[in-house]
Amino acid sequence: MNIIFMFLSLSSFICIAIGIFILYKDRKSPLNRIFFAFNISIAIYAIGLAFMIVAPDKNHCVVWTKIFSIGAYSFASLALHFFLIYTEKNKLLKKWWIYIVIYLPFIVFLYPQIACNIFIEDYIHTQYGWVVINRTDSMIYILFNLQYLLYCGIGMFLMHLRLKNETSSRKRKQIKIIMISASSTILVSTALSYFLTFNHNIPNFSPIVALIWSIGILYGIVKYKLMIITPAIASDQIFQTITESIVIVNTEFEIINENNATRELLNYTNDELIGQHFGILFSGDNKFSEENIKSLFEECPIQDMGTYFVSKNNKNIPVMLSVTKCSNDEDDLLGFIAVSRDITNIKEAEERLHYLAHHDILTNLPNRLLFVDRFNQEVAKAQRNKTHIAVFLLDLDHFKEVNDTFGHDIGDQLLIEVANRLTSSIRKCDSIARLGGDEFVLLISGLIHTNDFEVVVNKILHTIALPYIIEGNKLNVTASIGVSIYPVNGTHLDSLLKNADLAMYEVKDSGKNNYQIFTSVIGSTFNEKMNFESDLKNSLANNEILLYYQPIVDLYSESIIGVEALVRWDHPEYGVIEPDDFIPLAEENGYILALGEWVLKTACTQAMEWQIEGFQPLYISINFSSLQFKQKNIVDIILDVLEKTKFSPEYLLIEIKESNIIKDRENVINILEKLHDYKVMAVIDGFEVGYSSLLYLKGLPVYAIKIDRFFIRNIVNDPSCATIIKTIILLAHDLNLKVIAEGIETPEQLSFMRSLEWKLEDAIKCDSAQGFLFSDPLDRDSMTKLLKNR
């Protein structure tokens with residue numbers, strides 16, 4: 001086999017392998033792509049020349065000559081293109097005409113060769129195979145050689161300049177390897193071409209020589225880690241792919257470059273921005289006017305300055321701008337680099353947070369914070385114009401019933417509709433806010449007279465009272481409105497809201513669906529209530545709480561079988577106060593918990609003292625508030641008192657109103673069952689037929705029921721009351737419950753209770769009774785005397 005054919009074929013294979021290897025590293029790199037093409041040209045040259053050498057005749061030589069001419073004539077153009085990319089002549093490569101300069105000679109020389117084999121004079125067969133005899137007298141042939149030397153020379157010159165300016169030792173070694181391999185290829189191939197002209201017995205191995213250059217570049221990659229993307233290309237690609245806007249300006253503040261992110265953000269093209277003053281990017285920000293940019297940039301570096309870009313379509317875009325100076329090694333100022341981050345999402349989030357901080361989420365009305373700001377603005381106007389401001393505090397009536405009946409979703413929709421109606425009922429200059437729940441506050445400004453608000457408040461009451469249709473449900477709610485006037489009822493919002501709140505509760509107490517303006521009387525009443533509440537909270541510490549005892553007697557023998565503990569307050573100013581006058585307040589402020597525990601402990605202690613004095617054990621009946629039953633540890637509190645006082649639990653009667661059981665049935669029954677396990681007994685106070693059913697009573701761990709005093713009071717004159725009492729007693733005895741008749745105040749009532757006739761055998765009588773007829777509530781000493789007398 002022809003040895004030259006083998007070497008040329010191997011060279012072709014190596015070139016193709018090198019080209020594919022480099023392209024595999026980074027297909028997007030222009031340098032890699034042109035290097036791949038460069039290797040393919042050498043491979044075509046080598047494979048065409050190899051098959052020409054072993055061709056069977058001249059005709060086949062002509063065909064293979066045309067093939068290797070494609071590789072041979074494109075070699076110089078591809079080499080120059082490679083040099084331009086490697087030496088970072090990017091601006092030059094952006095010009096369209098440079099590609100004509102590079103590749104036009106290749107086309108000019110290749111066409112006549114393909115068309116008529118113009119460069120070839122003849123083919124001769126030697127010991128190495130067919131050899132080409134070139135037409136050295138052809139001007140085109142001379143020009144081709146000159147073009148080859150010129151392009152290679154230009155490339156080597158560019159490499160020399162790059163080597164001269166390069167400071168990195170690694171890159172200098174890269175350049176030297178490429179220059180040595182390139183110059184070796186150029187020199188050897190030129191010399192070989194010269195010798196082939198005069199000596200036709202020398203085989204043409206130019207492609208093998210060109211392989212030196214290709215291997216040299218590959219060696220540079222492996223040995224010195226030659227960048228797959230050249231620094232300039234890499235920098236440009238990084239520059240263009242950064243998501244933040246980057247603008248480069250010169251010392252005259254003219255834009256000389258910008259990345260894709262800038263163009264996409266501002267909707268400009270590259271040509272529209274290049275050469276423009278940097279101030280074109282800004283709108284309405286005097287800091288970045290053409291006059292001020294110079295002085296501002298002198299303060300570089302600028303870090304995270306908030307401003308606005310203006311796009312081509314005049315859209316303002318919030319950005320965070322940073323600017324740094326760009327200088328050379330001699331510290332000469334070259335220009336500035338401005339990096340901007342689009343903060344539209346951040347701005348929108350900030351605006352959303354600001355909105356949420358100042359508005360109610362459900363109704364979109366202003367909240368208290370924004371309302372305070374608007375109030376302060378209106379106060380300034382009122383002081384300037386000498387006008388008044390009305391503050392309305394509005395609370396919906398029966399809103400809790402809507403939530404309990406229809407659910408909170410319907411309740412929320414009702415609040416939204418109320419907010420809409422309120423907004424439509426006031427002027428644009430007035431303000432409205434939701435304070436929370438079903439409570440709204442309105443600000444009616446610019447009032448000449450203090451009563452000018454009445455038209456507005458009446459309109460609001462009428463509008464709110466109109467029916468609501470929500471998800472097919474017809475709802476009816478009204479409003480109670482308290483009114484206070486600036487500056488008559490206060491000069492600060494807190495005092496005005498407090499006074500309006502007091503006036504609103506006056507409306508609630510007097511029937512609702514109305515309004516009330518704050519007056520001094522309302523204020524004094526509130527102050528009295530506050531002082532009264534303060535005194536109540538200190539009553540136990542001041543030993544002002546007293547415990548009275550009213551006997552519970554057997555209805556027929558009138559022997560005392562127990563006592564009911566009744567609390568009194570010995571107020572230092574008002575004297576002894578009945579429980580009906582202070583217990584509701586104690587329940588309202590939670591003081592009933594401490595008070596109830598004191599009553600329990602004191603009553604049990606007193607009962608034990610009576611036993612120690614020799615009296616028979618008595619039932620101690622103590623009233624419990626519904627609030628006490630909401631205490632999670634109420635059972636532990638009762639048992640702890642019993643343990644500390646040594647009082648027997650079977651003599652303790654816990655009184656609870658029937659209405660409180662109905663409101664919190666599950667919890668109350670659970671507590672009563674736990675107490676029943678410890679032999680503590682319960683009594684239903686104020687029992688009435690019609691509130692409860694047989695099944696309801698049957699499920700309760702109850703010892704006795706008390707007949708409401710209303711029936712006892714009317715038992716003599718109203719036959720229906722007697723019938724109801726009979727029914728209650730029959731029902732209770734059938735369920736093994738005792739019956740206590742309270743409120744017996746006259747002999748007639750007692751006689752009537754004793755004279756009732758029963759149709760059912762063994763259903764004989766009411767078990768016990770209490771009332772003023774037997775004894776008033778007595779203090780400890782008086783009760784002790786009564787026990788001794790009985």
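Residues numbered from 1 in each chain as written. Predicted model: local features only at pLDDT ≥ 70, side-chain atom pairs only at ≥ 80, totals over all residues. Heavy atoms only, no water.

Colleague: Give a detailed account of the overall build of the chain, specifying residues and quantitative values.
Modeller: Broken down by element type, the chain carries 30 helices and 23 strands. Its C-alpha atoms put the chain at 160 × 75 × 50 Å along the principal axes. The proportion of buried residues among the 790 residues of the chain is 48%. Once local pairs closer than 6 in sequence are excluded, the contacts in the chain between residues at least 24 apart make up 65%. (Helix = DSSP H or I, 4+ residues; strand = E, 2+ residues; numbered from the N terminus. Buried < 20%, exposed > 50% of the residue type's maximum accessible area, 1.4 Å probe, protein only. Contact = heavy atoms within 4.5 Å.)

Colleague: Go over a nonpolar patch on the surface, please, and point to the residues and values.
Modeller: A cluster of nonpolar side chains, Leu92, Trp96, Trp97, Ile100, Val101, Leu104, Ile107 and Val108, forms an exposed patch at the surface whose accessible area comes to about 770 Å². With six residues, helix H5 (residues 97-116) is the largest single contributor of residues to the nonpolar patch. Assignment of secondary structure puts tryptophan 96 in the loop between helix H4 (90-93) and H5. (Patch = residues over 30% accessible without salt bridge, like charges linked within 9 Å, V, L, I, M, F, W, Y side chains within 5 Å. Areas by Shrake-Rupley, 256 points an atom, 1.4 Å probe, with all protein chains shown as cover. Salt bridge = Lys/Arg side-chain N within 4 Å of Asp/Glu carboxyl O.)

Colleague: Any chance you could break down the sheet that holds strand S5 (residues 302-310) for me, citing the residues and the numbers?
Modeller: Pairing in this open sheet of five strands is antiparallel, and the strands run S4-S3-S7-S6-S5 from one edge to the other. In the strand order of this sheet, the two ends are held by strand S4 (255-258) and S5, each with one partner. On average, adjacent strands in this sheet sit at an angle of 30° to one another, irrespective of strand direction. (Pairing = 2+ DSSP bridges. Axes fitted to C-alpha atoms, helices over the stretch in contact; angles between N-to-C directions.)

Colleague: Break down the nonpolar core for me, with residues and values.
Modeller: If you look at the biggest cluster of nonpolar residues, it comprises 76 residues, and the most contacted ones within it are Phe582, Ile622, Ile638, Leu652, Ile744 and Met783. In this view, isoleucine 744 contacts Leu555, Ile712, Gln749, Leu750, Met753, Ala769, Gln770, Gly771, Phe772, Leu773 and Phe774; residues no more than four positions away in its chain are not counted. With 38 residues, the next largest nonpolar core counts Ala76, Leu80, Ile175 and Ala182 among its residues. (Core = buried A, V, L, I, M, F, W, Y, C linked by side-chain atoms within 4.5 Å.)

Colleague: Would you mind going over the pattern of salt bridges in detail, with residue names and values included?
Modeller: With the rule as written, the count across this model stands at 17 salt bridges. Note that aspartate 430 is salt-bridged to arginine 427, the shortest N-O span being 2.8 Å. On the basis of relative accessible area, aspartate 430 is assigned to the buried category, the value being 7%. Among the ionic pairs, glutamate 578 bridges to arginine 568, the shortest N-O distance being 3.4 Å. On the criterion of sequence distance, the pair formed by glutamate 578 in the loop between strand S17 (575-577) and helix H20 (583-589) and arginine 568 in strand S16 (residues 560-571) is long-range, its members being ten residues apart. Exposure remark for glutamate 578: the relative accessible area of 40% places this residue in the partly exposed category. What makes arginine 568 buried here is its relative accessible area of 8%. Here the salt bridges do not stand alone but share partners, grouping Glu564, Glu655, Lys706 and Glu742 into one network.

Colleague: Account for helix H6 (residues 139-165), with residues named and values stated.
Modeller: For H6, spanning 27 residues, the distance from its first C-alpha to its last is 39 Å, which sits close to the expected 39 Å at 1.5 Å a residue. Along H6, the residues classified as buried are Tyr141, Phe144, Gln147, Tyr148, Tyr151, Cys152, Gly155, Met156, Leu158, Met159, Arg162 and Leu163. (Expected span 1.5 Å × (residues − 1).)

Colleague: Outline the sheet that holds strand S8 (residues 388-397), supporting the account with residue identities and numerical values.
Modeller: Strand order across the open sheet formed by five strands is S9-S10-S8-S13-S14, with mixed pairing between neighbours. Bordering the open sheet on either side are strand S9 (431-436) and strand S14 (514-517), each of which pairs with just one other strand. Across the sheet, the mean angle from the axis of one strand to that of its neighbour is 20°, orientation sign disregarded. Here helix H14 (residues 368-385) sits on the sheet and contacts S8, S9, strand S10 (439-447) and strand S13 (478-486); the angle it forms with S10, its principal contact strand, is near 15°.

Colleague: Give me the lowdown on the packing of helix H3 (residues 58-86) against H6, citing residues and values where you can.
Modeller: Here H3 crosses H6 at 15°, and the two axes come no closer than 9 Å. Put simply, H3 runs roughly parallel to H6. The handedness of the crossing between H3 and H6 is left-handed. For the pair H3 and H6, contact is made by Ala72, Tyr73, Phe75, Ala76, Ser77, Leu80, Phe83, Leu84 and Tyr86 and by Phe144, Gln147, Tyr148, Tyr151, Cys152, Ile154, Gly155, Met156, Leu158, Met159 and Arg162, respectively. (Parallel < 35°, antiparallel > 145°, perpendicular 65-115°, else oblique. Left-handed = near helix turned anticlockwise from the far one by under 90°.)

Colleague: Describe the packing of helix H16 (residues 408-425) against helix H17 (residues 454-465), naming the residues involved and giving the relevant values.
Modeller: Interaxial distance between H16 and H17 falls to 10 Å at its minimum, and their mutual angle equals 150°. The orientation of H16 relative to H17 falls into the category roughly antiparallel. Where H16 crosses over H17, the two elements pack in a sense that is right-handed. Each of Val418, Arg421, Leu422, Ser424 and Ser425 in H16 lies in contact with H17, whose residues at this interface are Val456, Lys459, Ile460, Thr463 and Ile464. Considering only residue class, the contact of H16 with H17 consists of five nonpolar, three polar and two charged. (Nonpolar A, V, L, I, M, F, W, Y, C, P; charged D, E, K, R; others polar.)

Colleague: Pulling in residues and values, what's your account of the environment of asparagine 364?
Modeller: Tracing the backbone through its elements, the reader meets asparagine 364 in the loop between helix H13 (344-358) and H14. Considered as a pair, asparagine 364 and alanine 433 are 69 residues apart in the sequence and their alpha carbons are 9.0 Å apart. Setting aside its immediate chain neighbours within four residues, asparagine 364 contacts Tyr355 and His359.

Colleague: Break down unusual backbone geometry for me, with residues and values.
Modeller: Cis peptide bonds are those with omega within 30 degrees of zero, and the linkage from tyrosine 486 to proline 487 qualifies with 0°. One can find proline 487 in the loop between S13 and helix H18 (493-509). Within the chain, asparagine 314 stands out as a residue other than glycine whose phi angle is a positive 65°. Tracing the backbone shows asparagine 314 in the loop between S5 and strand S6 (316-327).

Colleague: Can you break down the pairing of strand S21 (residues 704-707) residue by residue, with the values?
Modeller: With burial as the criterion, each face of S21 is covered, one bearing Ala704 and Lys706 and the other bearing Ile705 and Ile707. Judged from the four bridges that link them, S21 and strand S22 (residues 738-742) form a sheet pairing that is parallel. Each residue of the ladder has a partner; that of isoleucine 707, found in S22, is alanine 741.

Colleague: Tell me about H17, residues and numbers included.
Modeller: Between its terminal C-alpha atoms H17 stretches 17 Å, which fits the 16 Å expected from twelve residues at 1.5 Å a residue. All of the buried residues along H17 are Val456, Val457, Ile460, Leu461, Thr463 and Ile464. End-on, the buried residues of H17 take up no more than an arc of 170°, which puts them together on one face. In H17, the exposed positions that point more than 90 degrees away from the buried face belong to Val455 and His462. Those residues of H17 that are buried are in contact with S8, H16, S10, strand S11 (468-470), S13 and S14. (Arc of directions from axis to C-beta.)

Colleague: So what's going on with the packing of aromatic side chains? Residues and values would help.
Modeller: In this structure the tally under the stated criterion is 21 aromatic pairs. For the ring pair phenylalanine 624 and phenylalanine 629, a centre distance of 6.0 Å and an interplane angle of 70° mean the geometry is edge-to-face. Owing to a relative accessible area of 6%, phenylalanine 624 belongs among the buried residues under this scheme. Here the aromatic residues Phe35, Phe38, Phe75, Phe82, Phe83, Tyr86, Tyr148 and Trp213 are joined through ring pairs into a cluster of three or more. For arginine 162, the ring lying beneath its charged end belongs to tyrosine 86, and the centroid distance is 5.4 Å. Sitting above the plane of the tyrosine 548 ring, arginine 568 keeps its charged end 5.5 Å from the centroid. (Phe/Tyr/Trp six-rings, centres within 6.5 Å; stacked < 30°, edge-to-face > 60°. Lys NZ or Arg CZ within 6 Å of the ring centre and 35° of its normal.)

Colleague: An account of the environment of histidine 462 is needed here, citing residue identities and associated values.
Modeller: With respect to the secondary-structure elements, histidine 462 resides in helix H17. Given the relative accessible area of 53%, histidine 462 is considered exposed. In this structure the C-alpha to C-alpha distance between histidine 462 and asparagine 513, which are 51 residues apart in sequence, comes to 9.3 Å.

Colleague: Describe the pairing of S14, with residues and values.
Modeller: Across four bridges, S13 lies against S14 in parallel orientation. Looking at S14, one finds that serine 480 is bridged to asparagine 514. The parallel pair S13 and S14 is bridged by H18, and the resulting crossover is left-handed. (Right-handed = clockwise from strand over helix to strand, strands pointing away.)

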